[in-house]
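# Remarks on the overall topology
One-letter residues, chain by chain:
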Amino acid sequence: MSARPLSRAAAGLGTPPPRIVHLGLGAFHRAHQAWYTAHADDAAAWGIAAFTGRSPREADALAAQECLYTIAARGADGDEVEVVGSIVEAHHGADVDALRGLVARPEVAVVTLTVTEAGYRLLPDGTPDPGDTAMVADLAVLRARMGEPATPLGRLVVALDARRRAGAGPIAVVPCDNVPGNGPWVREGVLSLASALDDALAAWIASEVSFVSTSVDRITPRRAEGDESFAAAAGWIDGSPIVTEPFSDWILSGDFPVGRPAWETAGARLVDDIEPFENRKLWMLNGAHTVLASLGRLRGHATVADAIADPVCRELVEDVWDAAARHLPGDVDAAAYRVALVERFANPRIVHLLEQIAQDSSVKLAARIAPVARLELAAGGEALPAAAALGAWIAAVRRCAPVPDAREHALGDALLSTDPIRALVAAVDPDLAARPQFVAEVRIRAAALADVPTTVAP
């Protein structure tokens, strides 16, 4: 079969009107929210106008092929390939004028975001991080009303202001990143930024904008060399293919004042109480990923599949899961979820790099490991799995190749302090750092890993 360029005519796909705006055009969005939108029963009524984060590359690649792309659901035994057409516009994130214009349209009903936990640049209470230079710069831009904001939330705020001024009515904002209670959390950050621009805008957002909480789940590795081959085998020339796992899950809780796609017809779930599902995913899947990213790299592994096959890594993951399960309600079926996780992690055809997962680990540990540690300690336990996870991370910070981290300056200061172990724990969770016995356990485990060989025998 000879491959041909992607086009809507060739793929037999229409162009739905843009009624969703998305910030953070990357692989996960295209494997998850865009995929769910394409599979909804009313997909023909819901197109997505998506904006990149830092680079225009993805927008340029998609625009060159009418915003179409192929996606391979890669199981252990083969691929299921399809063409996804829900994205209808692709823009560089810095094109704030285009963002304003789209969000100001009355027919646009939803703004979704996938910008990573660190990309929101918020403190745990949802307020803007005063130590984040990009956030500080955006606050100055908003107060001065000169120039354009550069952070996702800063750009969202000026777009919402355009909607208010246009009288376009209410809208839903749907963050889809791994943060507990991400809806209220982002609402707090947006309101704080809006207040810097205009108190009337903040009041309008508080009244007219719904912030929906979500739990998202689909392992989607960074694109690798040769990914284009599956598209070619399916008959398409694709400059922006996506590989993901067959499993997907999306749980939402909140209001959509002017409508949304029928995502539930594609398998999403709408619930009243999202917290137990958020916790299951954050503490078990994401928590295990962060553990493997630290201990696995220390032991010379490159991928999740390699690391989960290592009995030492697997034992710590199981301990972390045991602790998490003690604090999850029965109706989330943690036992079945962890069985599925082992199968997903072990899929040898999903090349999920530990170096990628390790990025922003200080932020991730705060959401994925620290909450279970606090619950264990409050129940009279010692939180040893969490101490082991933090010990592995500290050893990795000291011994492995450095990876980007949103708190890199704080981590650098901690490493130079008189008690680096305690200071690094404090960078993740000050409450845990204030518990001498817990810090002592972390210290023991970090020391035990200080001389672990960086390569593992085959």
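Notes on the structure follow.

### Observations regarding the sheet that holds strand E5 (residues 78-84)
- Spatially, three strands are ordered E5-E4-E12 in an open sheet, and the strand pairing comes out mixed. Two strands close off the open sheet at either side, each with one partner strand: E5 and strand E12 (242-244). Between one strand axis and the next, the sheet turns by 25° as a mean value, whatever way the strands run.
- Note: strand E4 (residues 69-75) against E12, three bridges, orientation parallel. The residue of E12 that forms the bridge with Ala73 is Thr244.

### So, unusual backbone geometry
- Residue Arg121 is not a glycine yet carries a positive backbone phi of 60°.
- Residue class for Arg121 comes out partly exposed when judged on its relative accessible area of 29%.
- In this structure, Asp333 takes a positive phi of about 50° despite not being glycine.
- Classification of Asp333 by relative accessible area gives partly exposed; the value is 42%.

### Some remarks on the sheet that holds strand E3 (residues 47-51)
- Spatially, E6-E3-E2-E7-E8-E9 is the arrangement adopted by the six strands of the open sheet, whose pairing is parallel. Only two strands of the sheet have a single partner each, and these edge strands are strand E6 (87-91) and strand E9 (209-211). Looking at each pair of strands side by side, their axes are set apart by 20° on average, direction ignored.
- Pairing between E3 and E6: four bridges, direction parallel. Directly across from Ala49, in E6, lies its bridge partner Glu89.
- Where helix H9 (residues 199-208) meets the sheet, it contacts strand E8 (171-175) and E9, and its direction lies at approximately 60° from that of E9.

### Remarks on the packing of helix H7 (residues 152-166) against helix H8 (residues 182-197)
- As a packed pair, H7 and H8 sit with axes 9 Å apart at the nearest point and diverge in direction by 65°. Considered as vectors, H7 and H8 are oriented roughly perpendicular to each other. At the point where H7 passes H8, the crossing takes the right-handed sense. Across from Leu153, Gly154, Leu156, Val157, Val158, Leu160 and Asp161 in H7, the residues of H8 making contact are Val186, Val190, Leu193, Ala194 and Leu197.

### Observations regarding empty space enclosed by the protein
- Per the counting criterion, the structure on display carries three cavities of 30 Å³ or more.
- Estimated volume of the largest cavity: approximately 80 Å³.
- What lines the largest cavity is simply Trp283, Val320, Ala323, Ala324, Arg368, Ile369, Val372, Ala373, Glu376, Ala383, Pro385 and Ala386.
- Among the elements of the structure, helix H13 (311-325), helix H17 (370-378) and helix H18 (384-399) are those that each provide at least two residues to the lining of the largest cavity.
- By residue class, the composition of the lining of the largest cavity is ten nonpolar, no polar and two charged.
- Roughly 40 Å³ of volume is contained in the second largest cavity.
- Taken together, Asp177, Asn178, Val179, Asn182, Thr214, Ser215, Val216, Glu278, Lys281 and Leu282 make up the full set of residues lining the second largest cavity.
- Listed by contribution, the elements that provide at least two residues to the lining of the second largest cavity are strand E10 (213-217) and helix H11 (275-298).
- Each residue belonging to the lining of the second largest cavity can be placed in one class, and the counts come to three nonpolar, four polar and three charged.

### Overview of a negative patch on the surface
- Together, Asp272, Asp273, Glu275 and Asp331 make up a negatively charged patch on the protein surface.
- Inspection of the secondary structure puts Glu275 in helix H11.

### Observations concerning the pattern of salt bridges
- In total, this model carries 26 salt bridges according to the counting rule given.
- When the shortest N-O distance is used, the salt bridge between Arg349 and Asp79 registers 3.0 Å. With Arg349 in the loop between helix H14 (334-346) and helix H15 (354-357) and Asp79 in strand E5, this residue pair connects regions lying 270 residues apart in the sequence.
- On the accessibility criterion, Arg349 (29% relative accessible area) is partly exposed.
- Its relative accessible area of 29% is what places Asp79 among the partly exposed residues.
- Among the ionic pairs, Glu318 bridges to Arg338, the shortest N-O distance being 2.5 Å. You can see Glu318 sitting in helix H13 and its partner Arg338 sitting in helix H14, a full 20 residues away along the chain.
- For Arg338, a relative accessible area of 16% translates into the label buried.

Cut-offs applied
Residues numbered from 1 in each chain as written. Predicted model: local features only at pLDDT ≥ 70, side-chain atom pairs only at ≥ 80, totals over all residues. Heavy atoms only, no water. Pairing = 2+ DSSP bridges. Helix = DSSP H or I, 4+ residues; strand = E, 2+ residues; numbered from the N terminus. Axes fitted to C-alpha atoms, helices over the stretch in contact; angles between N-to-C directions. Buried < 20%, exposed > 50% of the residue type's maximum accessible area, 1.4 Å probe, protein only. Contact = heavy atoms within 4.5 Å. Parallel < 35°, antiparallel > 145°, perpendicular 65-115°, else oblique. Left-handed = near helix turned anticlockwise from the far one by under 90°. 1 Å grid on protein atoms, 1.4 Å probe; cavity = no way out; pocket = protein on both sides within 12 Å on 5 of 7 lines; lining within 4 Å. Points joined across faces, edges and corners; volume = space filled by probe spheres on them. Nonpolar A, V, L, I, M, F, W, Y, C, P; charged D, E, K, R; others polar. Patch = residues over 30% accessible without salt bridge, like charges linked within 9 Å, V, L, I, M, F, W, Y side chains within 5 Å. Areas by Shrake-Rupley, 256 points an atom, 1.4 Å probe, with all protein chains shown as cover. Salt bridge = Lys/Arg side-chain N within 4 Å of Asp/Glu carboxyl O. Lys, Arg positive; Asp, Glu negative; His and termini not counted. Charge placed at Lys NZ, Arg CZ, Asp CG, Glu CD.

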